[in-house]
Amino acid sequence: MGGGAERGGCAPRLELLLFLGLCGRAAALRGNDNSEALPESIPSAPGTLPHFMEEPDDAYIIKSNPIVLRCKAMPAMQIFFKCNGEWVHQNEHVSEESMDEATGLKVREVFINVTRQQVEDFHGPEDYWCQCVAWSHLGTSKSRKASVRIAYLRKNFEQDPQGKEVPIEGMIVLHCRPPEGVPAAEVEWLKNEEPIDSNLDENIDTRADHNLIIRQARLSDSGNYTCMAANIVAKRRSMSATVVVYVNGGWSSWTEWSNCNARCGRGWQKRSRTCTNPAPLNGGAFCEGMSVQKITCTSLCPVDGNWEVWSEWSVCSPECEHLRVRECIAPAPRNGGKYCEGLSQESENCTEGLCIQDKKPLHEIKSQNIETASDIALYSGLGAAVIAVAVLVVGVTLYRRSQSEYGVDVIDSSALTGGFQTFNFKTVRQGNSLLLNSSMQPDLTVSRTYSGPICLQDPMDKELMTESSLFNPLSDIKVKVQSSFMVSLGVTERAEYHGKAHSGTFPHGNARGFGTIQARNKAAYIQNLSSISTRNELKTTAIFGHLGGRLVVPNTGVSLLVPHGAIPEESSWEIYLAINPRESSLQPEGPDVLLGPEVTCGPSDVSVSSPFALTIPHCAEVNSEHWNIHLKKRTQQGKWEEVMSVEEETTSCYCLLDPYACHILLNSFGTYALIGEPISECAVRQLKVAVFGCLSCNSLDYNLRVYCMDNTPCAFQEVVLDERLQGGQLLDEPKLLHFKGNTFSLQISVLDIPPFLWRIKPFTACQEVPFSRVWCSNQKPLHCAFSLERYTPATTQLSCKICVRQVKGHEQILQIQTSILENERETIAFFAHDDSNFPAQMGAKAFKIPYSIRQRICATFDTPNAKGKDWQMLAQKNSISRNLSYFATQSSPSAVILDLWEARHQHDGDLDSLACALEEIGRTHSKISDITETEIEEPDFNYSRQNGL
């Protein structure tokens, strides 16, 4: 045991000597060459490895102040620091030694200083680092590596927050990138020099990459925001960013219309609204539009009553008096006028005093007997007259029935093989007959007659006849047209039509565009902006009876045709047709588009015995490969349900899609709309581009407003109404833009502004509108405004170009050449249908085909024919080739086909084309039957050419 203890006592001494020797050698080597390292371990006696009670921590050198690294281990005979792989000299160590009371083991703690110079002089692949190595009897232990870095914070922010102006409830995002620093700076936001605590306000988030996010801006969020960056070295402040939360003004409701300012006759009344709902705040935009509206009014003037003439004296009464009366109806008092003064009846003695009451003379008794006998004769005569009339009616009915049967036989044999035979019209005597002046009175003493069929087989002859003045609509000229077809139908009298210039060049019911019509000099009704109806007039009402009629909403392309016989006899209904407000209640889903106005016809509880025709304009370029068009109807609950697809085969209703309008045959009234589903990127929505201009409040500024709206008359009328209220003037004829559904945006720019006369703000000459805003506008016209400023008030002329183009698509350029002064500006005309004078037509005036001819056509084609001459061929010749099963279910298919023809030709009334179709059916029939017919003589056009026709 003693030897063991001795060894135990000698062993530490030997270890210590060996360790000191090694330390001395290491020190000597370090003084000469620091590349040689101390050994990782030394021989030791049995024991435990050192355990680090405290390891060195990462540290930052602030300015020039050194940092202290400390290390504590137990049990430890010795502890040294190694920095960057090299041992630190023992003279640089400060060590303390103690005894752990619990275990009795030796605890050693060592400190070293690291200066800024040492860190700056080190150039290695990683940061400056130091590590502790502790020795015990069993071996060595190493601590973690502690990095030492020089702390700093640069002065300039990498990104300062920028001021913003945002609408209320909009999102605010302020970006902040703090200066570069070691350690990385922490960011704090200040509002008006007060710290922002995002934990207290759920609407504010400061966690996202040092940015400040306010999800919904409130008025209280306006202020100056500062980004604060700080670390152990310094604090930095960013530039302050001013955030303004503004409120755009909104109009209050209109007040009630004031009383008419004229007590009698024409005056005006007004209503007003204020921009207080809400009022603009913090620079928000003021309300657009007029704060006061004025309309004309007419106060009914009071009309005093006046007596009509006295009636005849009545027969003498038993009281020997007779009476006469009068009524206050010439005129009757109205509108507060005075009633007639005086008595309404008079009585006087009818025997000039010869008769005393209750004592009648003998001659009066005799006269009463004579009067009784005369009454009997009168009643006998009336009875005989009634019987005679009844017999006459029965005879006429039987005669017409026999004639109807005979007329059908005539048609089946040869009625449809001829064209129109004669034309009689009277022209103006003065000058060239081609230069007809509608303002001159026609000379009815000169008449010319041309004979020959209108329907020609030679295309050149057709072109000649179309180009000639013979077919141009001539005002104040009476044209009489009669064909062999009409003669064969038993119509002996000639149908007389008063030719009048057809208004409008919007193609309804045909495929002719603007260019064709203008090239052929078709008469167009030129209408100024002042003649457009007001928004209150987008509804038409009329009372219809058994004879039917037509309703038209003026200048919108919307019409309703109620056929003859659709309403029961001895009944009359008040039927209305209206265009709903521009903000449609139908919200299409996805890429679907509202193609036309939302139209209501009613009343909805009325049922008709035959389908009526509803015409709705649309803005789609018709192509079944690119569009799938649906008809939808609004239910009583306000929901929209699909009625049919245009290409669908159904017997409930029928849709015929023309290039600019859809004609729908329906049996029930209601609210209808057309929805287009684009099935390819080549689907085209036709937009009309119009430019309006007016002077602004500043006399040097001139405002240009460019509208892109659906190519429908009602959409253009809405824009014109709005511009009229703002004092706008149409500056160029509207152009047609083909906007494709290819997701590319729309660009509107102002070009070629005179540089020394006008100027526009930089970067405002071009505006780009996203595709979705144009495509899904839901009948809202797109509006872009440009403000031009003239250098001097002497500049009164403006010339520039407006370029409207779809990126990678169609482009239109409008040439502006106008005077900004009202009295020098030329009025730009546009084309529209002149249907404002006849919003409602009842009876025969509403139809182009005379009723007698219509009856003959139906009697001919409704009857099935083995030779193929029936209503199906009539439909084919009128370009109706789809969904014929619908017509087969009707009581008179031919009548419904003719109703559809009436709807399609309401503006041109092209009876020539109908007659040609009937004539072709007759020729086809004759070829099938192998019947040799007399060859129709071609008209002699030489005479026409010689006479300038």
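All values reported here derive from a predicted model rather than from experimental measurement. (Residues numbered from 1 in each chain as written. Predicted model: local features only at pLDDT ≥ 70, side-chain atom pairs only at ≥ 80, totals over all residues. Heavy atoms only, no water.)

A look at the overall build of the protein chain
Condition: Runs of H or I in DSSP of at least four residues are treated as helices and runs of E of at least two as strands, each being numbered from the N terminus. Only protein chains enter the accessibility calculation, which uses a 1.4 Å probe; a residue whose area is less than 20% of its type maximum is buried, one above 50% is exposed, and one in between is partly exposed.
Along the protein chain, the regular secondary structure elements total 14 helices and 53 strands. Out of the 949 residues in the protein chain, the part that is buried amounts to 42%.

Considerations on the pattern of salt bridges
Put simply, the test is: A side-chain nitrogen of Lys or Arg and a carboxyl oxygen of Asp or Glu constitute a salt bridge if their distance falls within 4 Å.
This structure, assessed with the given rule, holds 25 salt bridges. Residues Arg149 and Asp127 are paired through a salt bridge, measuring 3.5 Å at the closest nitrogen-oxygen approach. Linking Arg149 in strand β10 (residues 146–153) with Asp127 in the loop between α2 (116–121) and β8 (128–135), this pair joins segments that are 22 residues apart in sequence. When its relative accessible area of 39% is taken as the criterion, Asp127 is described as partly exposed. Arg218 is the salt-bridge partner of Asp201, the closest N and O atoms lying 3.0 Å from each other. Here Asp201 is found in the loop between β15 (194–195) and β16 (204–205), whereas its partner Arg218 is found in the loop between β17 (212–214) and β18 (223–230), with 17 residues between them in sequence. What makes Arg218 partly exposed here is its relative accessible area of 30%. A single network of salt bridges, built from pairs that share partners, joins Glu54, Arg70, Lys72 and Glu109.

Here's the deal with the state of the cysteines
The cut-off we apply is this: When two cysteine sulfur atoms lie within 2.5 Å, the pair is treated as a disulfide.
Under the criterion given, the structure shown has eight disulfides. The partner cysteine of Cys260 in its disulfide is Cys297, sulfur to sulfur 2.0 Å. Where Cys260 bonds to Cys297 through sulfur, the torsion about that S-S bond is close to 85 degrees, and the disulfide is right-handed. Within this pair, whereas Cys260 is found in the loop between β20 (241–246) and β21 (265–272), its partner Cys297 is found in strand β22 (residues 292–299), the two being separated by 37 residues in sequence.

Remarks on the sheet that holds strand β12 (residues 172–174)
Here is the rule: Strand pairing requires that DSSP identify at least two bridges connecting the strands.
Taken together, the three strands give an open sheet; going across it, the order is β12-β17-β16, and neighbouring strands pair in antiparallel fashion. If you trace the sheet from one side to the other, it starts and ends with β12 and β16, each paired once. As paired elements, β16 and β17 share two bridges and run antiparallel to each other. In the strand pairing of β17, Asp205 is matched with Ile213.

Quick notes on the packing of aromatic side chains
The geometry of an aromatic ring pair comes down to the distance between the two centres and the angle between the two planes. Short version of the rule: Here a Phe, Tyr or Trp ring, Trp counted by its six-membered ring, pairs with any other such ring whose centre lies within 6.5 Å, and the pair is stacked when the planes are under 30 degrees apart, edge-to-face when over 60, and tilted otherwise.
Summed over all chains, the structure comprises 16 aromatic pairs. Taken together, a centroid distance of 6.3 Å and an interplanar angle of 85 degrees make the contact between Trp307 and Tyr339 edge-to-face. On the criterion of sequence distance, the pair formed by Trp307 in the loop between β22 and β23 (321–325) and Tyr339 in the loop between β23 and β24 (345–349) is long-range, its members being 32 residues apart. For Trp307, a relative accessible area of 14% puts it in the buried group. A relative accessible area of 56% means that Tyr339 is categorised as exposed. Taking 5.5 Å as the distance between ring centres and 20 degrees as the angle between the ring planes, the aromatic pair formed by Phe771 and Trp775 counts as stacked. Linking Phe771 with Trp775, this pair stays in helix α8 (residues 771–775), spanning four residues, or about one helical turn. A relative accessible area of 15% places Phe771 in the buried class. In this structure Trp775 comes out as buried when scored by relative accessible area, which is 2%.

Quick look at the packing of helix α9 (residues 851–861) against helix α12 (residues 893–904)
Going by this rule: Working convention: axes come from line fits to C-alpha atoms, limited for helices to the stretch in contact. Angles between N-to-C directions cover 0 to 180 degrees. Here the word oblique covers every angle except those under 35 degrees (roughly parallel), over 145 (roughly antiparallel) and from 65 to 115 (roughly perpendicular). Whether a crossing is left-handed or right-handed is set by the direction in which the near helix is turned from the far one by less than a right angle, anticlockwise for left-handed and clockwise for right-handed. In this analysis, two residues are considered to be in contact whenever any of their non-hydrogen atoms come within 4.5 Å of each other. Gly is placed with the polar residues, together with every amino acid not listed as nonpolar (Ala, Val, Leu, Ile, Met, Phe, Trp, Tyr, Cys and Pro) or charged (Asp, Glu, Lys and Arg).
Two elements in contact, α9 and α12, have axes whose closest approach is 8 Å; the angle formed by their N-to-C orientations is 135 degrees. For the element pair α9 / α12, the angle class is oblique. Here the hand of the crossing between α9 and α12 comes out right-handed. Across the interface between the two elements, Arg854, Ile857, Cys858 and Phe861 from α9 touch Ser894, Ala895, Leu898 and Asp899 from α12. Across the contact of α9 with α12, the residue classes break down as five nonpolar, one polar and two charged.

Quick notes on the environment of Asp732
What counts here: Two N or O atoms count as a polar contact when they lie within 3.5 Å, although within protein this holds only if one can serve as hydrogen donor and the other as acceptor, and sequence-adjacent residues are included solely when both atoms are side-chain atoms.
With respect to the helices and strands, Asp732 occurs in the loop between β44 (729–730) and β45 (735–740). Relative accessible area serves as the criterion here: at 17%, Asp732 is assigned to the buried category. Within polar-contact distance, the side chain of Asp732 engages the backbone nitrogen of Gln815 at 3.3 Å.

A few points about α9
The line we're drawing: By arc we mean the arc of the directions from the helix axis to the C-beta atoms, nothing more.
Within α9 the residues assigned to the buried category are Ile853, Arg854, Ile857, Cys858, Thr860 and Phe861. Along the long axis of α9, the arc covered by the buried residues comes to 160 degrees, so they all point the same way.

Here we look at the environment of Cys766
Following the sequence through the fold, Cys766 ends up in strand β48 (residues 766–769). Overall, the relative accessible area of 43% leaves Cys766 in the partly exposed class. Spatially, the C-alpha atoms of Cys766 and Leu751 are 9.0 Å apart, while their sequence positions differ by 15 residues.

Points about a negative patch on the surface
As a reminder of what qualifies: Patch membership requires more than 30% relative accessible area and the absence of a salt bridge. Residues of like charge join within 9 Å; the nonpolar side chains Val, Leu, Ile, Met, Phe, Trp and Tyr join within 5 Å. All accessible-area figures derive from a Shrake-Rupley calculation using a 1.4 Å probe, and residue coverage is judged against the displayed protein chains alone. Under the counting rule used here, the positive set is Lys and Arg, the negative set is Asp and Glu, and His together with the chain ends is not counted. Charge positions are represented by NZ for Lys, CZ for Arg, CG for Asp and CD for Glu.
Taken together, the side chains of Glu642, Glu647, Glu648 and Glu649 define an acidic patch exposed on the protein surface. If you trace the backbone, Glu649 turns up in the loop between β38 (640–645) and β39 (654–657).

Let's talk about the pairing of strand β51 (residues 811–819)
Relative to β51, strand β50 (residues 797–806) runs antiparallel, the two sharing nine bridges. Its bridge partner lying in β51, Val804 is registered against Gln812. Counted along the chain from β50 to the antiparallel partner β51, the turn is four residues long, and its residue Lys808 has a positive phi close to 55 degrees.

Re the confidence of the model for the protein chain
So the rule is basically this: Across the chain, each position has a pLDDT score giving the predictor's confidence in that residue, from 0 to 100.
On average, the protein chain scores 76 in pLDDT, and the residues at 70 or more come to 72%. The low-confidence segment residues 927–949 (pLDDT under 50) makes 31 contacts with residues lying over four places distant or belonging to another chain.

Here we look at the sheet that holds β50
Pairing is antiparallel in the open sheet, where four strands are placed in the order β48-β46-β50-β51. Lying at the two open borders of the sheet, with one neighbouring strand each, are β48 and β51. Pairs of neighbouring strands in the sheet enclose a mean axial angle of 15 degrees, with direction left out of account. Examined bridge by bridge, strand β46 (residues 746–751) and β50 share six bridges and lie antiparallel to one another. Paired with Ser749 across the bridge in β50 is Cys803.

Focus: α12
What counts is decided by this rule: Each helix should span, by expectation, one fewer than its residue count multiplied by 1.5 Å.
Counted at 1.5 Å a residue, the expected span for α12 with its 12 residues is 16 Å, and the 17 Å between its end C-alpha atoms agrees. Across the 12 residues that make up α12, a large majority, 12, are buried. When α12 is considered as a whole, its buried residues turn out to be Pro893, Ser894, Ala895, Val896, Ile897, Leu898, Asp899, Leu900, Trp901, Glu902, Ala903 and Arg904.

Considering the side chain of Gln131
Mapped onto the elements of the fold, Gln131 is located in strand β8. A distance of 2.8 Å separates a polar side-chain atom of Gln131 from the backbone oxygen of Ser143. Aside from chain neighbours lying at most four places away, what touches Gln131 is Phe80, Phe81, Lys82, Lys142, Ser143, Arg144 and Lys145.

Things to note about a nonpolar patch on the surface
On the surface, a nonpolar cluster with roughly 230 Å² of combined accessible area is contributed by Ile168, Leu219 and Leu281. Position of Leu219 relative to the elements: it lies in the loop between β17 and β18. Among the residues examined, Leu219 registers a relative accessible area of 38% and is labelled partly exposed.

Overview of the environment of Phe887
Inspection of the secondary structure puts Phe887 in helix α11 (residues 885–888). Taking the C-alpha atoms as reference points, Phe887 and Thr651, separated by 236 residues in sequence, lie 7.9 Å from one another. When neighbours within four sequence positions are excluded, Phe887 is seen to be in contact with Tyr654, Leu665, Trp871, Ile880, Pro893, Val896, Ile897 and Leu900.

Some remarks on the pairing of strand β4 (residues 78–83)
Counting buried positions along β4 yields six of six residues, so the element is predominantly enclosed. Where burial is concerned, the two faces of β4 agree: the one with Gln78, Phe80 and Lys82 and the one with Ile79, Phe81 and Cys83 are both buried. Here β4 runs beside β8; their pairing, made up of six bridges, is antiparallel. Note that in β8 the partner of Phe81 across the bridge is Cys132. Judged from the two bridges that link them, β4 and strand β5 (residues 86–87) form a sheet pairing that is antiparallel. Counterpart to Lys82 in the pairing with β5 is Trp87.

Some points on unusual backbone geometry
A cis geometry characterises the amide bond from Met74 onward to Pro75, with omega recorded as -20 degrees. Here Pro75 lies in the loop between β3 (67–74) and β4. One non-glycine residue, His210, adopts positive backbone phi at about 70 degrees. Residue His210 is classed as partly exposed on the basis of its relative accessible area of 30%. Look at Cys320: it is not a glycine, yet its phi comes out positive at around 65 degrees. Structurally, Cys320 is set in the loop between β22 and β23.

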